[in-house]
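Inside the fold
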Amino acid sequence: MLDKEFAFYLEHQDELVSLYDGKYVMVVGENVVGAYDSVGEACYIGKQKYGACNFLLQLCTPGESAYTITCHSRAKFV
């Protein structure tokens, strides 16, 4: 689940930090498709464009301190 996106982020982290430091980057496949000031805005736009849990949001900062993978989804159980 989102392994490809996270691997892309790790491989390009230095370059991405130089472009988007402090922003939440949205990665789909091996492409940055957006950079946002808040996680709320990024989540809203990502869900609208790609559906829940079909994109990676990563706080773009140097080092490993912001490495997290979280997926929120509303599920209805029958």
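Residues numbered from 1 in each chain as written. Predicted model: local features only at pLDDT ≥ 70, side-chain atom pairs only at ≥ 80, totals over all residues. Heavy atoms only, no water.

1. A look at the sheet that holds strand β3 (residues 56-59)
Reading across from one edge, β2-β1-β3 is the order of the 3 strands in this open sheet, with antiparallel pairing throughout. Looking at which strands have only one partner, the edges of the open sheet turn out to be β2 (31-36) and β3. For this sheet, the mean angle separating the axes of adjacent strands, direction not counted, is 25°. Pairing of strand β1 (residues 24-28) with β3 involves 4 bridges; the strand directions are antiparallel. In the strand pairing of β3, Tyr 24 is matched with Leu 59. Sitting on the sheet, helix α2 (residues 39-50) is in contact with β1, β2 and β3, with an inclination near 20° to β1. (Pairing = 2+ DSSP bridges. Helix = DSSP H or I, 4+ residues; strand = E, 2+ residues; numbered from the N terminus. Axes fitted to C-alpha atoms, helices over the stretch in contact; angles between N-to-C directions. Contact = heavy atoms within 4.5 Å.)

2. Let's talk about the pairing of β2
Bridge analysis of β1 against β2 gives 5 bridges, and the strand direction is antiparallel. When the sheet's bridge partners are listed, Val 28 is paired in β2 with Asn 31. Between β1 and β2, which follow one another and run antiparallel, lie 2 residues, and Gly 29 among them has a positive phi close to 65°.

3. Some thoughts on the environment of Thr 61
Along the chain, the position of Thr 61 falls in the segment after β3. Classification of Thr 61 by relative accessible area gives buried; the value is 16%. C-alpha of Thr 61 to C-alpha of Leu 16: the two residues are 45 residues apart in sequence and 8.6 Å apart in space. Excluding residues that lie within four positions of it along the chain, Thr 61 makes contacts with Tyr 9, Gln 13, Val 17, Asp 21 and Ala 66. (Buried < 20%, exposed > 50% of the residue type's maximum accessible area, 1.4 Å probe, protein only.)

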